[in-house]
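One letter stands for each residue in the lines below.
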Amino acid sequence: MTYAIIGFGKIGQALAKAFARSDIDVSVATTRDPESYASEAAAIGPSVRPTTLSDAIKADVIFLAVRFDAHRDVAKALPDWQGKVIVDVTNAYGVPLEKLGDQPSAQVVANAFAGGRVVKGFNHLAAGALEQDPNVNGGRRVVFLSSDDEAAVTEIGRLAVDLGFAPINLGGLSEGGLLVQARGNKWGHLIFKDLVKFD
Ligand SMILES: NC(=O)c1ccc[n+]([C@@H]2O[C@H](COP(=O)([O-])OP(=O)(O)OC[C@H]3O[C@@H](n4cnc5c(N)ncnc54)[C@H](OP(=O)(O)O)[C@@H]3O)[C@@H](O)[C@H]2O)c1
C-alpha cells in the first residue's frame, strides 16, 4: 500500500509527523516545486518524501489536506480515481450551503473524485493535537472515520491503528459522518472533541 498527503500546511504536516513517527513512507505534494519544502519534510523524518502532485496521485491512498475549495483542483488531476482511497481531511467551515448544493461536504468531495472511495477522517482535531504522539497515558487518541465504502473504511482503520490512533467508525458520510462535518457556520458535534480510548 502506498500513501500520499496532498497539502503540506498545518494539517498535512501534522499527518506527516504521524507517518514519520510510525516509520511509514508517505509522499507529500502541494502546488509548489517539492524542492521548496524539502527541508521542512526532512525535518519531520526520512519517511516523508516531497514530490510533485502528478507523482503523489499515483499512491493507493491519498490524504486530501487542502482548503475545502481546493479539492476541485486536486480532483481535476485525474479523470478517474477508480480504486483509490481518498481520505477527506478538509473542513468546509464557513462554506455557504448553496455552494455545497445543500449536500454534506464529504459528499461534495466524493462527487468531485469520480470513482474514488472516500473516507472522511483525521479532520476533527486541530493540527496541534493531531501532530502529538497519539499514545496518551497508555490510551490512544481517537480519530473518527466515516464512509459509504465499508472496505475503504476498514483499510483506513487499519492504517490509523498502525499510526497509533484508535479509530472509531461513525458509519456513512450522510449518517454518523455528519457529526464530523462542518456545515455553514456550524461545526459537527464531534469536531474538536479530543478523546482518548483505553482498551
Ligand atoms: N489547521 C487545522 O488545525 C485543521 C484541522 C482539521 C482540518 N483542517 C482542514 O485541513 C485542510 C488544510 O488546512 P491547513 O490548516 O493545513 O491549511 P494550510 O496550512 O493553508 O495548508 C494548505 C496546503 O494545501 C496546499 N494546496 C493548496 N491548494 C492546493 C492544490 N490545488 N493542490 C495541492 N496542494 C494545494 C497548500 O500549498 P500551496 O498553496 O503552496 O500549494 C498548503 O500546503 C482544510 O480543509 C482545513 O479545514 C485543518
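An account of the accompanying structure is given in this report. None of the values given here were measured: they were computed from a predicted structure. (Residues numbered from 1 in each chain as written. Predicted model: local features only at pLDDT ≥ 70, side-chain atom pairs only at ≥ 80, totals over all residues. Heavy atoms only, no water.)

Focus on a nonpolar patch on the surface
A grouping of Tyr-93, Trp-187 and Phe-192 is seen on the molecular surface, where their side chains present a nonpolar patch of about 300 Å² in accessible area. Residue position: Tyr-93 is located in the loop between strand S5 (85-88) and helix H5 (105-112). (Patch = residues over 30% accessible without salt bridge, like charges linked within 9 Å, V, L, I, M, F, W, Y side chains within 5 Å. Areas by Shrake-Rupley, 256 points an atom, 1.4 Å probe, with all protein chains shown as cover. Salt bridge = Lys/Arg side-chain N within 4 Å of Asp/Glu carboxyl O. Helix = DSSP H or I, 4+ residues; strand = E, 2+ residues; numbered from the N terminus.)

Some words on the packing of aromatic side chains
Evaluation of the coordinates by the stated rule reveals 8 aromatic pairs. The interplanar angle of 5° and the centroid separation of 4.3 Å between the aromatic rings of Tyr-93 and Trp-187 together place this pair among those described as stacked. Taken together, the positions of Tyr-93 in the loop between S5 and H5 and Trp-187 in the loop between strand S9 (166-169) and strand S10 (196-197) put the pair 94 residues apart, joining distant regions of the chain. The partly exposed category is assigned to Trp-187, whose relative accessible area is 34%. Each ring, one from Trp-187 and one from Phe-192, has its centre 4.8 Å from the other, and the planes form 65°; the classification is edge-to-face. Judged by relative accessible area, which is 47%, Phe-192 ranks as partly exposed. Three or more aromatic residues joined by ring pairs make a cluster, and in this case those are Tyr-3, Phe-19, Phe-63, Phe-122 and Phe-165. (Phe/Tyr/Trp six-rings, centres within 6.5 Å; stacked < 30°, edge-to-face > 60°. Buried < 20%, exposed > 50% of the residue type's maximum accessible area, 1.4 Å probe, protein only.)

Topic: the layout of surface pockets
What the largest pocket holds in volume is close to 770 Å³. In this structure, the largest pocket is lined by 31 residues; those nearest its centre are Ile-11, Ala-65, Val-66, Arg-67 and Phe-68. Here the element with the most residues in the lining of the largest pocket is helix H1 (residues 10-21); it accounts for 3 residues. The space that makes up the second largest pocket amounts to roughly 190 Å³. At the level of secondary structure, the elements contributing two or more residues to the lining of the second largest pocket comprise strand S2 (26-29) and helix H3 (53-56). When the residues that make up the lining of the second largest pocket are grouped by side-chain class, the tally is 6 nonpolar, 3 polar and 4 charged. (1 Å grid on protein atoms, 1.4 Å probe; cavity = no way out; pocket = protein on both sides within 12 Å on 5 of 7 lines; lining within 4 Å. Points joined across faces, edges and corners; volume = space filled by probe spheres on them. Nonpolar A, V, L, I, M, F, W, Y, C, P; charged D, E, K, R; others polar.)

Concerning the environment of Lys-186
With respect to the element layout, Lys-186 can be found in the loop between S9 and S10. Taking the C-alpha atoms as reference, Lys-186 lies 21 Å from Val-119; in sequence the two are 67 residues apart.

Concerning the pattern of salt bridges
Applying the stated criterion across every chain, the model contains 12 salt bridges. Ionic pairing is found between Asp-69 and Lys-99, a salt bridge with its closest N-O pair at 3.6 Å. Residue Asp-69 is located in the loop between strand S4 (61-64) and helix H4 (71-75), and its partner Lys-99 is located in the loop between S5 and H5; the two are separated by 30 residues in the primary sequence. Among the residues examined, Asp-69 registers a relative accessible area of 42% and is labelled partly exposed. You can call Lys-99 partly exposed: its relative accessible area is 48%. Where Arg-141 meets Asp-194, a salt bridge forms, and the shortest distance between an N and an O atom there is 2.8 Å. Here Arg-141, found in strand S8 (residues 139-147), pairs with Asp-194, found in the loop between S9 and S10; they are 53 residues apart in sequence, far enough to count as distant.

What about the environment of Leu-195?
Looking at the element boundaries, Leu-195 is found in the loop between S9 and S10. Of the residues examined, Leu-195 reaches a relative accessible area of 38% and is grouped as partly exposed. Distance from Leu-195 to Val-142, taken between C-alpha atoms, is 5.5 Å for residues 53 residues apart in sequence. Sequence-distant contacts of Leu-195, defined by excluding residues within four places in its chain, comprise Arg-140, Arg-141, Val-142 and Phe-144. (Contact = heavy atoms within 4.5 Å.)

Remarks on the site of the ligand
In the vicinity of the ligand there are 23 residues, among which Ile-11, Thr-31, Arg-32, Val-66 and Ala-127 approach most closely. For the ligand, whose accessible area on its own is 890 Å², the fraction buried by protein is 80%. Because more than half of its atoms lie within 2 Å of the grid, the ligand is assigned to the largest pocket. Elements represented by at least two residues in the shell around the ligand include exactly H1 and H4. (Near = heavy atom within 4 Å. Sits in = over half its atoms within 2 Å of the grid points.)

Geometric values such as these leave the question of function open.
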